[in-house]
Amino acid sequence: MPELPEVETTCRGIAPHISGQQIVQVIVREKRLRYPVASRLTGHLAGQTVHAVTRRGKYLLLACDTGTIIIHLGMSGSLFVGSATDRPQKHDHLDILFGSGRCLRLRDPRRFGAVLWTTRDPERHKLLQHLGVEPLSSSLDGDYFFQRSRDRRVAIKQFIMDSRIVVGVGNIYASEALFIAGIHPSRAAGRIALARYLQLAAAIKQVLGDAIDAGGTTLRDFLNAEGRPGYFQQRLRVYQRAGMPCDRCGSVLRQVRMGQRSTYYCCQCQV
DNA sequence: AGAGGTACCTGGCAGC
DNA sequence: TGCTGCCAGGTACCTC
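Predicted, not measured: the structure shown is a model, and the values here were computed from it. (Residues numbered from 1 in each chain as written. Chains lettered and ligands numbered in written order. Predicted model: local features only at pLDDT ≥ 70, side-chain atom pairs only at ≥ 80, totals over all residues. Heavy atoms only, no water.)

## What to know about the sheet that holds strand β8 (residues 114-118)
Next, step 1: Overall, antiparallel pairing links the four strands, which are arranged β2-β3-β4-β8 in an open sheet. Bordering the open sheet on either side are β2 (52-56) and β8, each of which pairs with just one other strand. Pairwise comparison of adjacent strand axes, ignoring direction, gives a mean angle of 20° for this sheet.
Next, step 2: Taken together, the five bridges between strand β4 (residues 68-72) and β8 define a ladder with antiparallel strand orientation. Of the residues in β8, the one forming a bridge with threonine 68 is threonine 118. (Pairing = 2+ DSSP bridges. Helix = DSSP H or I, 4+ residues; strand = E, 2+ residues; numbered from the N terminus. Axes fitted to C-alpha atoms, helices over the stretch in contact; angles between N-to-C directions.)

So, in structure tokens, the structure goes:
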């Protein structure tokens, strides 16, 4: 599920319920996530207050008294606030219980997610220190892409999905942004002109921004959050539409595999 | 340094 | 119905 829009939606959704709240207990039912959940997490957290909930790339950061909880949702994770008395379901691996009676629960069937604890500046954590720019910030623009891509022969789709370049562009939105910008996904990153990178940067901001706005519509019933965020139903223009007509030119949309990932594009509109 | 492949894990689905 | 194989929104780490 989680691309950046869902992580952002999650961040906004859980923050009002847990910011300023004191943690009373952490329950780990399954510690075998991407990295083993440290047992010290349980001991360290009781009594600490969550001061802020922020996002860096697809990492959620819960700032506490003496350190920061780092959460990544992997490919199938979701995080929601409920009551501490709610009965856990099959893949509910971890709960953080608060003095308010609320419970922040991590559900992750594929267990590619991660829950980590650091007492240092989280930006310096091994997993975060090499992250590239935030796509919705002013740091991402055509010039930035142009400079970083010189002499790079990697396909543009893999280039924009490289978290050292820009964070948060996952497989769905990489295809969507390249379609909007009219760039063929396998074109070498180093062979794209500045003017086209200006369009690509704008396209990425547009698709991610629209998705966050759509995801925001589900925030109202976030406490019941169980179903999919609203943005999932938004009309994707190429993703999973192979064989269907391009909504711009009518050509049949194609699907190829790039770096073991499905990629969708229009061979007329994208060059 | 850059490029490409592999591994981690479960669930849903198509095809037989 | 039940089995098999493939696919899925991520990313760290390995080799060449």
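## Here we look at the packing of aromatic side chains
Next, step 1: Inspection of the entire model under this criterion finds four aromatic pairs.
Next, step 2: When the centroid spacing of 6.3 Å and the interplanar angle of 45° are considered together, the rings of tyrosine 144 and phenylalanine 145 count as tilted. In terms of burial, tyrosine 144 and phenylalanine 145 fall into one category: buried.
Next, step 3: Here the aromatic rings of phenylalanine 145 and tyrosine 197 are separated by 5.6 Å at their centres, their planes lie at 40°, and the arrangement is tilted. Pair noted here: phenylalanine 145 is in helix α3 (residues 142-149) and tyrosine 197 is in helix α6 (residues 194-216), with a separation of 52 residues, a long-range link. Of the two residues, phenylalanine 145 and tyrosine 197, both sit in the buried class.
Next, step 4: Ring-pair connections join several aromatic residues into one group, and the members of that group are Tyr144, Phe145, Phe159 and Tyr197.
Next, step 5: In this arrangement the basic side chain of arginine 150 is found over the ring face of phenylalanine 146, its NZ or CZ atom lying 3.8 Å from the centre.
Next, step 6: Above the face of the phenylalanine 179 ring, arginine 248 is positioned so that its terminal group lies 4.4 Å from the ring centre. (Phe/Tyr/Trp six-rings, centres within 6.5 Å; stacked < 30°, edge-to-face > 60°. Buried < 20%, exposed > 50% of the residue type's maximum accessible area, 1.4 Å probe, protein only. Lys NZ or Arg CZ within 6 Å of the ring centre and 35° of its normal.)

## Regarding the pairing of β2
Next, step 1: The pairing of β2 with strand β3 (residues 59-63) spans five bridges and is classified as antiparallel. Its bridge partner lying in β3, arginine 55 is registered against leucine 60.
Next, step 2: Counted along the chain from β2 to the antiparallel partner β3, the turn is two residues long, and its residue glycine 57 has a positive phi close to 65°.

## A closer look at unusual backbone geometry
Note: most residues except glycine have negative phi, and most peptide bonds are trans.
Next, step 1: The backbone phi angle of arginine 111 is positive, close to 55°, even though this residue is not glycine.
Next, step 2: Inspection of the secondary structure puts arginine 111 in the loop between β7 (102-107) and β8.

## What to know about the protein's contact with DNA strand C
Next, step 1: Near DNA strand C, the surroundings consist of 24 residues, among which Arg34, Lys58, His72, Tyr239 and Ser262 are the closest.
Next, step 2: If you look at DNA strand C and keep only atoms within 4 Å of the protein, 53% of those are sugar or phosphate atoms.
Next, step 3: Between DNA strand C and arginine 34, the relevant distance is 2.7 Å, taken from a base nitrogen to a side-chain nitrogen or oxygen of the residue.
Next, step 4: Within the side chain of lysine 58, one N or O atom sits 2.7 Å away from a phosphate oxygen of DNA strand C.
Next, step 5: Mapped by element, the contributors of at least two residues to the surface near DNA strand C are α5 (171-181) and β10 (261-265). (Near = heavy atom within 4 Å. Polar contact = N/O pair within 3.5 Å; in protein donor to acceptor, adjacent residues only side chain to side chain.)

## Let's talk about the layout of surface pockets
Next, step 1: The volume enclosed by the largest pocket comes to roughly 1,100 Å³.
Next, step 2: Lining of the largest pocket is provided by 33 residues; of these, Pro2, Lys58, His72, Gly74 and Met75 occupy positions nearest its centre.
Next, step 3: Residue-level mapping places the lining of the largest pocket at the junction of two domains, with at least three residues from each of domain 1 (4-124) and domain 2 (142-265). (1 Å grid on protein atoms, 1.4 Å probe; cavity = no way out; pocket = protein on both sides within 12 Å on 5 of 7 lines; lining within 4 Å. Points joined across faces, edges and corners; volume = space filled by probe spheres on them. Domains from an automatic or database assignment.)

## Side note on the side chain of lysine 157
Next, step 1: Within the secondary structure layout, lysine 157 lies in helix α4 (residues 156-160).
Next, step 2: A distance of 2.6 Å separates the side chain of lysine 157 from the side chain of asparagine 171, its partner in a polar contact.
Next, step 3: Beyond its immediate chain neighbours, meaning those up to four positions away, lysine 157 contacts Asn171, Ala174, Ser175, Leu178, Pro185, Met258, Arg261, Ser262 and Thr263. (Contact = heavy atoms within 4.5 Å.)

## Regarding helix α1 (residues 4-18)
Next, step 1: Across its 15 residues, α1 extends 21 Å between first and last C-alpha, which sits within 8% of the 21 Å expected from 1.5 Å per residue.
Next, step 2: Within α1, 12 of the 15 residues are buried, which leaves it mostly tucked inside the rest of the structure.
Next, step 3: Those residues of α1 lying buried are Leu4, Pro5, Glu6, Val7, Glu8, Thr9, Thr10, Cys11, Gly13, Ile14, Ala15 and Ile18.
Next, step 4: The first or second residue beyond α1 is glycine 20, which carries a positive phi of 80°. (Expected span 1.5 Å × (residues − 1).)

## Here we look at the protein's contact with DNA strand B
Next, step 1: Near DNA strand B, the surroundings consist of Lys90, His91, Pro109, Arg110, Arg111, Phe112, Arg152, Arg153, Val154 and Gln260.
Next, step 2: Counting only the atoms of DNA strand B that lie within 4 Å of the protein, the sugar and phosphate share comes to 61%.
Next, step 3: In this structure, lysine 90 approaches DNA strand B through a side-chain N or O atom, which is 3.0 Å from a phosphate oxygen.
Next, step 4: The separation between a phosphate oxygen of DNA strand B and a polar side-chain atom of arginine 111 is 2.7 Å.
Next, step 5: Across the surface near DNA strand B, the residue classes tally to three nonpolar, two polar and five charged. (Nonpolar A, V, L, I, M, F, W, Y, C, P; charged D, E, K, R; others polar.)

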